[in-house]
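Structural description and commentary
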Amino acid sequence: MYKSYKINKTISAVVSALAIVLAVAPANALPGQNINTVIKWAKTKSQLPTLTYSSEAHGYGGTKGNLYFYADVTSENGTVTKEGITVSGNSSLKFTTKNSQAVKLLKNIYNSNIANDFQQSRYVTKVGRDQFYRGKNFAYITAQVQGGSAFQIISVRDLQGLINNAKYCQTHECDL
């Protein structure tokens, strides 16, 4: 009887500790999460704008200073399929795995896990202006755009489909 009491007490302590860790752990906005989680997370990040829904863009976005942030969703209250950041007016910040300023920005907005995953990701291919990378946890698309640099986080399982789509759109008219 004493043994089962001790086991129950140990299990209870482990479950309680886990509940505290999960409750205190900061939310991250990442593909696969519900948009409500992303909106709440964005409110905790001083660098990010207030996100508003756009039916034309099929997602939420906003601009704060020279940073534009967006999250594409499958429906207004659905799952985030990809997220992106575009920084304009800063020629020294280019989203590459070797640009320390870009990696630092990702660490500040997301966390060191995402920044490190991107920094250690493997270059896959370039299609048009888009460069595709595969990390351990996520895949990434970067591009130099007019007046700035763009970065997207996507799920690894969506990487090949987005590469195929980008290749298709090189020779066919696509509605972006």
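Not measured: the values here are computed from a predicted model.

Strand pairing in a sheet takes place through backbone hydrogen bonds and is either antiparallel or parallel in direction. Spatially, β1-β2-β3-β4-β8-β7-β6-β5 is the arrangement adopted by the eight strands of the open sheet, whose pairing is antiparallel. For this open sheet the edge positions go to β1 (52-54) and β5 (122-127), each flanked by a neighbour on one side alone. Across the sheet, the mean angle from the axis of one strand to that of its neighbour is 20°, orientation sign disregarded. By the bridge criterion, five bridges tie strand β6 (residues 130-134) to strand β7 (residues 139-145) in an arrangement that is antiparallel. Looking across to β7, one finds that Asp 130 is bridged to Ala 143. On the sheet, helix α4 (residues 112-119) packs against β6, β7 and β8 (148-154) and is oriented at approximately 75° with respect to β7. Helix α5 (residues 159-171) contacts β5, β6, β7 and β8 of the sheet and is inclined by roughly 20° relative to β5.

Mapping Asn 99 onto the fold places it in the loop between β4 (80-88) and α3 (100-109). For Asn 99, the side chain forms a polar contact with the main-chain oxygen of Ser 92, separated by 3.0 Å. Ignoring any residue separated from it by four or fewer positions in sequence, one finds Asn 99 in contact with Ser 92, Leu 93 and Lys 94.

What follows covers the pattern of salt bridges. Applying the stated criterion to the full structure yields two salt bridges. Of the charged contacts in the structure, one is a salt bridge between Arg 129 and Asp 130, with a shortest N-O distance of 4.0 Å.

Now for the pairing of β8. Of all the seven residues making up β8, seven are buried; the element is thus mostly covered by neighbouring parts of the structure. Side chains of β8 alternate between two faces, with Gly 148, Ala 150, Gln 152 and Ile 154 and Ser 149, Phe 151 and Ile 153 buried alike. Pairing analysis gives seven bridges linking β4 to β8, with the strands arranged antiparallel. Its bridge partner being in β8, Ile 85 is matched across the sheet by Phe 151. Bridge count for β7 against β8 is seven bridges, and the pairing is antiparallel. Pairing of Ala 139 across the sheet is with Ile 154, part of β8. Counted along the chain from β7 to the antiparallel partner β8, the turn is two residues long, and its residue Gly 147 has a positive phi close to 80°.

Of the residues in the protein chain, 81% have a pLDDT of 70 or more, and the chain-wide mean is 84. Of the regions scoring below 50 in pLDDT, residues 5-26 engages in zero contacts with residues more than four places distant in sequence or in other chains.

Summarising the sheet, β1 and strand β2 (residues 59-64) pair through three bridges and their orientation is antiparallel. Bridging from a neighbouring strand, Tyr 53 pairs with Tyr 60 of β2. In textbook terms, the turn of a hairpin is the stretch between consecutive antiparallel strands, and for β1 and β2 this stretch comprises four residues, one of which, His 58, has a positive phi near 55°. Across six bridges, β2 lies against strand β3 (residues 67-73) in antiparallel orientation.

Definitions and limits used
Counting of residues starts from 1 at the beginning of each chain's written sequence and follows it residue by residue. Per-residue local features of the predicted model are confined to residues with pLDDT of at least 70, and side-chain atom pairs are confined, for both listing and counting, to 80 or more; whole-chain, interface and lining totals are unaffected and use all residues. With hydrogens and water stripped out, all remaining heavy atoms of the structure feed into the side-chain values. A strand pair is defined by DSSP finding two or more bridges across the two strands. For the purposes of this entry, the term helix denotes a DSSP run of H or I that reaches at least four residues, the term strand denotes a run of E that reaches at least two, and both are numbered from the N terminus. Helix axes are fitted only over the stretch in contact, all axes being lines through C-alpha atoms; the angle between N-to-C directions runs from 0 to 180 degrees. When checking whether two residues touch, look at their non-hydrogen atoms; a contact exists if any pair is within 4.5 Å. N or O atoms closer than or at 3.5 Å make up a polar contact, with two conditions inside protein: a donor-capable atom paired with an acceptor-capable one, and, for residues adjacent in sequence, both atoms drawn from side chains. Put simply, a salt bridge is a Lys or Arg side-chain nitrogen that is within 4 Å of an Asp or Glu carboxyl oxygen. Each residue is placed in one exposure class: buried if its accessible area under a 1.4 Å probe, protein chains only, is under 20% of its type's maximum, exposed if it is over 50%, and partly exposed if it falls in between. Along the chain, pLDDT gives the predictor's confidence residue by residue, from 0 to 100.

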